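Residues per chain, in single letters:
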Amino acid sequence: MIEGVILIHEPVEQQFFERPVLELARDLIGQLIVHELPAGPVVVRIVETEAYHGAEDQAAHSFQNRRTKRTEVMFGEAGGVYTYQMHTHTLMNVVCGPVGTPHAILIRAGEPVEGLEFMRERRGENLTMKDWTNGPGKLSKALGITMNYYGHHWTKRPLFIAKSDAVGEVVTSSRIGIANAGEAVHYPWRFYEKDNAFVSKFRP
């Protein structure tokens, strides 16, 4: 992508999100996150996700159908935006599954596509581009995503997911940072684009 060349992106249809969580977590790899701002769009290509399987998944916020003010959006319509904070960072998720089934997908990393100057300013002049978006908190900060998007929907502007055909080989591993999740620690529910430099560093 040549900086300064602005493409017109359109949100995906609702049906894109209406599928099993593991299938959607894989199919999100290569798709675009678009945040339309007054100065222009900021866009990344998704290169890493993690699936969380709701009530049956000890690593999920909604394990055993835990329903709180924080997790409420996970019980809603597929395609909802679930944001939460961890160590002052905002992390963003895609809700999926039928209403009442609290499945979600954490978007862990992305590859910058458009709005590079905005991302550079947000993340700091001294960082390499790889370090702008190679982790879930870094990614949200680079895109300008805050908790205000909790309950938004990924088919609606100004923050949405758009289709892309640029998808490399997708591989799996266990998820990151869930050491206290029992047997769920070993589930191979992390999906990422093989050999992509923007994938976050794996820490078992």
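Reading the values: the criteria
Residues numbered from 1 in each chain as written. Predicted model: local features only at pLDDT ≥ 70, side-chain atom pairs only at ≥ 80, totals over all residues. Heavy atoms only, no water. Helix = DSSP H or I, 4+ residues; strand = E, 2+ residues; numbered from the N terminus. Rg over C-alpha atoms; globule rule 2.2 N^0.38 Å. Buried < 20%, exposed > 50% of the residue type's maximum accessible area, 1.4 Å probe, protein only. Axes fitted to C-alpha atoms, helices over the stretch in contact; angles between N-to-C directions. Parallel < 35°, antiparallel > 145°, perpendicular 65-115°, else oblique. Left-handed = near helix turned anticlockwise from the far one by under 90°. Contact = heavy atoms within 4.5 Å. Phe/Tyr/Trp six-rings, centres within 6.5 Å; stacked < 30°, edge-to-face > 60°. Arc of directions from axis to C-beta. Pairing = 2+ DSSP bridges.

Chemist: So what about the overall build of the protein chain? Which residues, and what values?
Modeler: Counting its secondary structure elements, the protein chain contains four helices and eight strands. Each helix (α) and strand (β) of the protein chain, taken in turn from the N terminus, gives the series α-β-β-β-β-β-α-α-α-β-β-β. For the protein chain, whose C-alpha radius of gyration is 16 Å, the value lies close to the compact-globule estimate of 17 Å for 204 residues. Structurally, the protein chain occupies a C-alpha span of about 45 × 35 × 30 Å along its principal axes. Split into buried and exposed, the 204 residues of the protein chain put 54% on the buried side.

Chemist: Break down the packing of helix 2 (residues 116–123) against helix 4 (residues 136–143) for me, with residues and values.
Modeler: One way to put it is that helix 2 packs onto helix 4 with a least axis distance of 8 Å and a crossing angle of 120 degrees. In terms of orientation, helix 2 lies oblique with respect to helix 4. Helix 2 and helix 4 meet at a crossing whose hand is right-handed. Here helix 2 contributes Phe118, Met119, Arg122 and Arg123 to the contact with helix 4, which in turn contributes Lys138, Lys141, Ala142 and Leu143.

Chemist: Describe the packing of aromatic side chains, naming the residues involved and giving the relevant values.
Modeler: Considering all chains together, one arrives at four aromatic pairs under this definition. Geometrically, the ring pair formed by Tyr82 and Tyr150 is edge-to-face, given 6.3 Å between the ring centres and 75 degrees between the ring planes. Remark: Tyr150 occurs in the loop between helix 4 and strand 6 (159–162) and Tyr82 occurs in strand 3 (residues 81–86); sequence separation between them is 68 residues. Tyr150 gets classed as partly exposed once you look at its relative accessible area, which sits at 27%. When the ring of Tyr187 is compared with that of Trp189, the centres are 4.6 Å apart and the planes differ by 45 degrees; the resulting orientation is tilted. Taken together, the ring pairs in this structure connect Tyr82, Tyr84 and Tyr150 into an aromatic cluster.

Chemist: Requested: an account of helix 2, with residues and values cited.
Modeler: Along helix 2, the residues classified as buried are Leu116, Met119 and Arg123. Across the axial projection of helix 2, the buried residues extend over an arc of 60 degrees, all falling on one side. Close packing links the buried residues of helix 2 with strand 2 (40–52), strand 5 (103–114), helix 3 (130–133) and helix 4. Immediately beyond the C-terminal end of helix 2, within one or two residues, lies Gly124, with a positive phi of roughly 115 degrees.

Chemist: Could you give an account of the environment of Phe198, with specific residues and numbers?
Modeler: By the secondary structure assignment, Phe198 is in the segment after strand 8 (190–193). Take Phe198: its relative accessible area is 12%, and that puts it in the buried class. Along the chain, Phe198 and Arg120 lie 78 residues apart, while their C-alpha atoms are 15 Å from each other. Those residues in contact with Phe198, other than ones at most four positions away along the chain, are Val47, Ala109, Gly110, Glu111, Pro112, Met129, Lys130, Thr133 and Asn134.

Chemist: Mind laying out the pairing of strand 5, listing which residues take part and the relevant values?
Modeler: Within strand 5, eleven of the twelve residues are buried, which leaves it mostly tucked inside the rest of the structure. Pairing analysis gives nine bridges linking strand 2 to strand 5, with the strands arranged antiparallel. Across the sheet, Thr49 pairs through a bridge with Ile107, a residue of strand 5. Bridge count for strand 4 (residues 89–96) against strand 5 is four bridges, and the pairing is antiparallel. Paired with Asn93 across the bridge in strand 5 is Leu106. In sequence, strand 4 turns back onto strand 5 through a hairpin of six residues, with Gly97 there showing a positive phi of about 90 degrees.

Limitation: the analysis is restricted to geometry and does not speak to function.
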